[in-house]
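Reading the structure
What follows is the residue order along each chain.
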Amino acid sequence: MYTPPAFREDDREALCALMRAAPFASLVTATADGMECTPLPLWLAPEEGPLGTLYGHVARANPHWRAEAVGETLAIFSGPDAYVSPGWYATKQETGKVVPTWNYLTVHARGPVEFFEDADRLLDVVTRLTDAHETGRAAPWAVSDAPETFIRAQLRGIVGLRLPIARLEGKRKMSQNRSATDREGVAAGLGESENPADRAAGRLVPLA
């Protein structure tokens, strides 16, 4: 990933926070027959290994898990993003030398992927994934709420994956390369948008 120094995010806690906040990732694997890409939710175990380990599962019918990987597998996590209008820059009024851009936050996690079919490991993965997303709900659903025989039958239709992170890259492009007045204009412009995603990105523009 091309990352100019101004946009580089190296803080591991910040990267882990984004992977937890935006767990729906794209899993990309290079194979001898071309690229395989599967969108799926991933669960991060930050204590496993120097950079953490990702877990998830794919449908057994998905050919992705059967394809032998060439090199590392890449998991792409995408945070808030938004179009930035040049009209929000104070510089537009001063020189007119401005163009549109896009602000975004992303994390790339790379490592050797392992697919597994063991039912007990699969149960652990789906339980952790479910608990992560049900926590905080008024009436959280648990895997144990369904009949055990039903869950075991469902597990036969999926394959688990484990990806110990060997390399972690983060990019936070939120107008850091603009002047303070330009950043204020971007934050204000995005904050006035009717699109919740724009407003979320606007809150990440640094004003200090």
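In this text the structure is predicted, and so the values were computed from the model without any measurement. Per chain, the residues get numbers from 1 upward, laid out in the order the sequence is written. Predicted model: local features are reported for residues with pLDDT of at least 70 only, side-chain atom pairs are reported and counted for 80 or more only, and whole-chain, interface and lining totals are derived from all residues. The basis for every side-chain value is the complete set of non-hydrogen atoms in the structure, without hydrogens or water.

**As for the packing of helix H3 (residues 119-134) against helix H4 (residues 148-155)**
Short version of the rule: Simply put, an axis is a line fit to the C-alpha atoms, just over the touching stretch for a helix, and the angle between two N-to-C directions goes from 0 to 180 degrees. Numbering of helices and strands runs from the N terminus; a helix is a DSSP stretch of H or I covering at least four residues, while a strand is a stretch of E covering at least two. The scheme is simple: roughly parallel for angles under 35 degrees, roughly antiparallel for over 145, roughly perpendicular for 65 to 115, oblique for anything else. Only heavy atoms matter for contacts: two residues are in contact if any of them lie within 4.5 Å across the pair. In the scheme used here, Gly and all other residues not listed as nonpolar or charged are polar, with Ala, Val, Leu, Ile, Met, Phe, Trp, Tyr, Cys and Pro taken as nonpolar and Asp, Glu, Lys and Arg as charged.
At a minimum axis distance of 10 Å, the contact between H3 and H4 shows a crossing angle of 100 degrees. Classified by the angle their axes make, H3 and H4 are roughly perpendicular. For the pair H3 and H4, contact is made by Ala119, Asp120, Leu122, Leu123 and Val126 and by Ile151, Arg152 and Leu155, respectively. Along the lines of polarity and charge, the residues of the contact of H3 with H4 split into six nonpolar, no polar and two charged.

**Quick notes on helix H5 (residues 180-191)**
Formally: Here, expected helix span is obtained from the residue count minus one, scaled by 1.5 Å. Buried means the residue's accessible area, taken with a 1.4 Å probe over protein chains only, is under 20% of the maximum for its type, while exposed means over 50%, and partly exposed covers the values in between.
If you check H5, its first and last C-alpha atoms are 16 Å apart, about what 12 residues at 1.5 Å a residue would give, namely 16 Å. Those residues of H5 lying buried are Asp182, Arg183, Gly185, Val186, Ala187, Gly189 and Leu190.

**Some remarks on the pattern of salt bridges**
Test applied: Any Lys or Arg side-chain nitrogen located within 4 Å of an Asp or Glu carboxyl oxygen qualifies as a salt bridge.
Going through the model one piece at a time under the given rule, you end up with 11 salt bridges. Linking glutamate 9 and arginine 172 is a salt bridge whose minimum nitrogen-to-oxygen distance equals 3.0 Å. With glutamate 9 in strand S1 (residues 8-9) and arginine 172 in strand S10 (residues 167-173), the pair connects residues that are 163 residues apart, well separated along the chain. A relative accessible area of 15% places glutamate 9 in the buried class.

**Overview of the sheet that holds strand S3 (residues 34-41)**
How we decide: DSSP calls a pair of strands paired once it identifies at least 2 bridges connecting them.
Spatial strand order, S1-S10-S7-S6-S2-S3: six strands in an open sheet with antiparallel pairing. Edge positions in the sheet fall to S1 and S3, since each has one partner strand and no second. As paired strands, strand S6 (residues 73-84) and strand S7 (residues 101-111) are joined by 10 bridges and run antiparallel to one another. Bridge assignment links phenylalanine 77 to a residue of S7, and that residue is valine 107. Along the sheet face, helix H1 (residues 12-21) touches S1, S6, S7 and S10 and points at about 95 degrees away from the line of S7.

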